[in-house]
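# A closer look at the structure
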Amino acid sequence: MLMKTTTQQGLLQLDAVCARLGKKDFGPFNLSIAKAEKVAILGPSGAGKSTLLKLLSRELKSTSGDIAFQSRPLASWSLMELSRLRAVLPQNSDVAFGLETDLVISLGRVSRAHDPELSNIVRQAAGMAHAAHLLGRRFDSLSGGEQARIQLARIFAQLWDQRDGLILVDEPLAALDPGLQFDLLASLEEYATERQHAIVAILHDINHAMQAFERLLLVKNGQLVADIASNREAVPALEDLYNIALTCMHNEEGDLLVTPLRASSRARKSA
C-alpha cells in the first residue's frame, strides 16, 4: 500500500475507522486531511468511495476507530456547529417539490439566525456556480445538469463567509457537459483557495483529479489501497486500481493527461 506520511495535525483525522454495510466490511481507514488541502477519491464502482465520504461527513456511523474534526471528536459536534464549517454535497440531493432555486441555495445558510447578506450571497454563489440565469426558476423544472449547479451554489453559499472549512462532494460534475465540468472545477478550486477550505471530492474522471487536486485517495474493495500525490508517479497505482493500461502526455499548458489504452494496445504493451 502506498501511503502519504503526514506529521501535521489534520483538519479531519481518521484513525483505524471501520464500517459495515450489510455483509460488507470497509476499512480500516487511516488518513489526515489538512487545512486547504485538495483531495480526490478515486476507485471503481462499488469500491467504497461513497462509504468513505459518508464516514467523513458523519452520515454513516463507524463500527470502530476514531474520527476527529479540528482535533475534536466528530460525534461531539452539533449539526448547527458543523454546518458553519463543513458543507456536504451527496451524490443525490432531493429537495421539496416546487421550491424556487433561490430558496434551495439559501438552505445552505439555515443555521444562521441573523443573515443580512443572504440575498447577496445567494446571487454571488449562483454566479460562481454558473447558475445566475437559473435564479427565480422552480428547481423541479430544471435539467439534471442545472440542478447540479444549483446544489453546488448551495454549498458555496453555506461556507461563503467562513474560512478554514471542509467541503465534501460526491461526483459534483457527473451531470454536466465537458465545458461546464472544467468551468465548475475551476470555480470550486478558486472558491476553496480564497477561503482556505479543504476539499475532498469523489471523482470518476482521472484527468480532473490529476489537474485540480494535489492528492489522491485510491479505494478498492472497501480498502484504502493508496494515498499518493497527484502526479505522474501515481500512474502505476491508477493502472492497478482500475486494471487498465494508461498512456500519458502533456498538453500545451503543461498539464498531465492520462488516457486508457484499448484492449489491443494493452496487449501489445504487455507483450
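For the structure given in this document, a descriptive report is provided here. (Residues numbered from 1 in each chain as written. Predicted model: local features only at pLDDT ≥ 70, side-chain atom pairs only at ≥ 80, totals over all residues. Heavy atoms only, no water.)

## Section: the pattern of salt bridges
Operational definition: What counts as a salt bridge is simple: a side-chain nitrogen of Lys or Arg found within 4 Å of a carboxyl oxygen of Asp or Glu. A run of DSSP states H or I qualifies as a helix once it reaches four residues; a run of E qualifies as a strand once it reaches two. Both are numbered from the N-terminal end. Summary of the burial criterion: residues with accessible area below 20% of their type's maximum are buried, those above 50% are exposed, and those between are partly exposed, where the area comes from a 1.4 Å probe applied to protein chains only.
Scanning the entire structure with this criterion turns up ten salt bridges. Among the ionic pairs, Lys-35 bridges to Asp-164, the shortest N-O distance being 3.9 Å. Note that Lys-35 is positioned in the loop between strand 2 (24–33) and strand 3 (38–42) and Asp-164 in the loop between helix 5 (144–158) and strand 7 (166–170), a separation of 129 residues in sequence. The salt bridge partner of Arg-195 is Glu-194, with a shortest N-O separation of 3.4 Å. Taking the relative accessible area as the measure of exposure, Arg-195 reaches 8% and is therefore buried. Look at the salt bridges and you will find they share partners, linking Arg-109, Arg-112, Asp-115 and Asp-161 into a network.

## A few points about a nonpolar patch on the surface
Cut-off, in case you're wondering: The patches reported here contain residues having more than 30% relative accessible area and no salt bridge. Joining distances are 9 Å for like charges and 5 Å for nonpolar side chains (Val, Leu, Ile, Met, Phe, Trp, Tyr). All accessible-area figures derive from a Shrake-Rupley calculation using a 1.4 Å probe, and residue coverage is judged against the displayed protein chains alone.
Taken together, the side chains of Leu-103, Leu-107 and Val-110 define a hydrophobic patch exposed on the protein surface, amounting to about 260 Å² of accessible area. Considering the arrangement of structural elements, one finds Leu-103 in helix 3 (residues 101–106). Note on Leu-103: relative accessible area 40%, which makes it partly exposed.

## Things to note about the pairing of strand 7
How we decide: Any two strands are treated as partners once DSSP identifies two or more bridges connecting them.
Burial within strand 7 is extensive, with five of its five residues counted as buried. On strand 7, burial covers both faces: Leu-166, Leu-168 and Asp-170 on one face and Ile-167 and Val-169 on the other are all buried. When strand 6 (residues 86–89) meets strand 7, the two strands line up parallel, connected through four bridges. For Arg-86, the partnering residue across the bridge sits in strand 7 and is Leu-166. The pairing of strand 7 with strand 8 (residues 198–202) spans five bridges and is classified as parallel.

## Re the sheet that holds strand 1 (residues 12–21)
By way of backbone hydrogen bonds, the strands of a sheet pair with one another, either parallel or antiparallel. The condition is simple: Every residue pair with non-hydrogen atoms within 4.5 Å of one another is taken to be in contact. Each axis is a line fitted through C-alpha atoms, and for a helix only the stretch in contact is used; angles between axes span 0 to 180 degrees, taken between their N-to-C directions.
Taken in spatial order, the four strands line up as 2-1-4-5 in an open sheet, and their pairing is antiparallel. Either end of the sheet is taken by a strand with one partner, and the two such strands are strand 2 and strand 5 (72–73). The sheet contacts of helix 1 (residues 49–57) involve strand 1, strand 2 and strand 4 (64–69), and relative to strand 1 the element is tilted by about 125°.

## Considerations on the environment of Ser-230
Where we set the bar: Counting of polar contacts relies on pairs of N or O atoms within 3.5 Å, with two restrictions inside protein: one atom must be capable of donating a hydrogen and the other of accepting it, and residues adjacent in sequence are counted only when both atoms are side-chain atoms.
As for its position among the elements, Ser-230 is in the loop between strand 10 (223–229) and helix 8 (235–242). Exposure remark for Ser-230: the relative accessible area of 15% places this residue in the buried category. C-alpha of Ser-230 to C-alpha of Leu-216: the two residues are 14 residues apart in sequence and 5.9 Å apart in space. Within polar-contact distance, the side chain of Ser-230 engages the backbone oxygen of Phe-213 at 3.1 Å.

Note that all results are geometric; they support no functional claim without further evidence.
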